[in-house]
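This is what each chain is made of:
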Amino acid sequence: MPSSRPMRADARRNREALLTAAREAFLTGDADAHVEEIARRAGVAVGTLYRHFETREALVAEVYRQEVAELCAAPARLLADHAPDEALRRFLLLLVEHSAVGKGMAEALESIMATGSPIFDDTRAEMARALDELLAAGVAAGVIRPGISGRVLLRALGGICGMRANKGWEDDAVRITAIFYDGLRYGATGHG
């Protein structure tokens, strides 16, 4: 249980090293990496890992939360650098990429599916809010049609990215995402 005291610098470094080692293991496909191996990669003792994360599942959940938080920080940066419709297009492609890179992460996440963790609902809500931000900017600029929510768009992308088991799925996902993008622009005041 986290205390209200600020974390010491060395404890913060150890925690970050553990998260980095776990992230690298999961994202490179080593979904079954044991806590001992993750601790070794981080250069800390197993006891240190358990001081920061009560279970392996807690570590997996935190790695995933960080991944989604980084992804969901992208809309502000994209909107600062691109027109709203281009920012949306780029974010849709980031979601496909996230799904592709996250294949090993998805396998690791299976270990927490039965725990009743709210992580999936929480992270889906974060991604839907990120999409809502981009959609709203596009609608306000007249380049994205109104009436589409981030939640609905995320569901559609989830169906596309659910094809991960098929060879060549990522190329197909990028093509289908382009069709969605065109559909989101169709009927907007600034597009045909």
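Residues numbered from 1 in each chain as written. Predicted model: local features only at pLDDT ≥ 70, side-chain atom pairs only at ≥ 80, totals over all residues. Heavy atoms only, no water.

K.L.:
Mind showing me how you'd approach the packing of helix H4 (residues 56–72) against helix H8 (residues 119–140) here?
P.N.:
Two packed helices can be described by the angle between their axes and the distance between those axes. The contact between H4 and H8 brings their axes to 9 Å, and the two run at 5°. When the interaxial angle is binned, H4 and H8 end up roughly parallel. Between H4 and H8, the residues in contact are Ala 61, Tyr 64, Arg 65, Val 68, Ala 69, Leu 71 and Cys 72 and Ile 119, Asp 122, Thr 123, Glu 126, Met 127 and Ala 130, respectively. Its residues assigned to classes, the contact of H4 with H8 comprises nine nonpolar, one polar and three charged. (Axes fitted to C-alpha atoms, helices over the stretch in contact; angles between N-to-C directions. Helix = DSSP H or I, 4+ residues; strand = E, 2+ residues; numbered from the N terminus. Parallel < 35°, antiparallel > 145°, perpendicular 65-115°, else oblique. Contact = heavy atoms within 4.5 Å. Nonpolar A, V, L, I, M, F, W, Y, C, P; charged D, E, K, R; others polar.)

K.L.:
In this structure, what is going on with the nonpolar core? I would like to understand it.
P.N.:
Nonpolar side chains in soluble globular proteins tend to be buried together. Counting 32 residues, the largest nonpolar core has Leu 88, Phe 91, Leu 92, Leu 95, Met 127, Leu 131 and Leu 184 as its most contacted members. Elements supplying a minimum of two residues to this core: H4, helix H5 (74–81), helix H6 (84–101), H8, helix H9 (150–161) and helix H10 (169–185). A per-element tally of this core places H8 first, with eight residues. Not counting residues within four places of it along the chain, the set of residues in contact with Phe 91 comprises Leu 71, Ala 74, Pro 75, Leu 78, Ala 130, Leu 131 and Leu 134. (Core = buried A, V, L, I, M, F, W, Y, C linked by side-chain atoms within 4.5 Å. Buried < 20%, exposed > 50% of the residue type's maximum accessible area, 1.4 Å probe, protein only.)

K.L.:
Looking at this model, I keep getting lost on the confidence of the model for the chain. Mind explaining?
P.N.:
Detailed reading of the predicted coordinates is not advisable wherever pLDDT is low. Overall, the prediction assigns the chain a mean pLDDT of 84, with 84% of residues at 70 or greater. Ranking the elements of the chain by mean pLDDT puts helix H7 (residues 103–109) last, at 63, and H5 first, at 97. (pLDDT = per-residue confidence, 0-100.)

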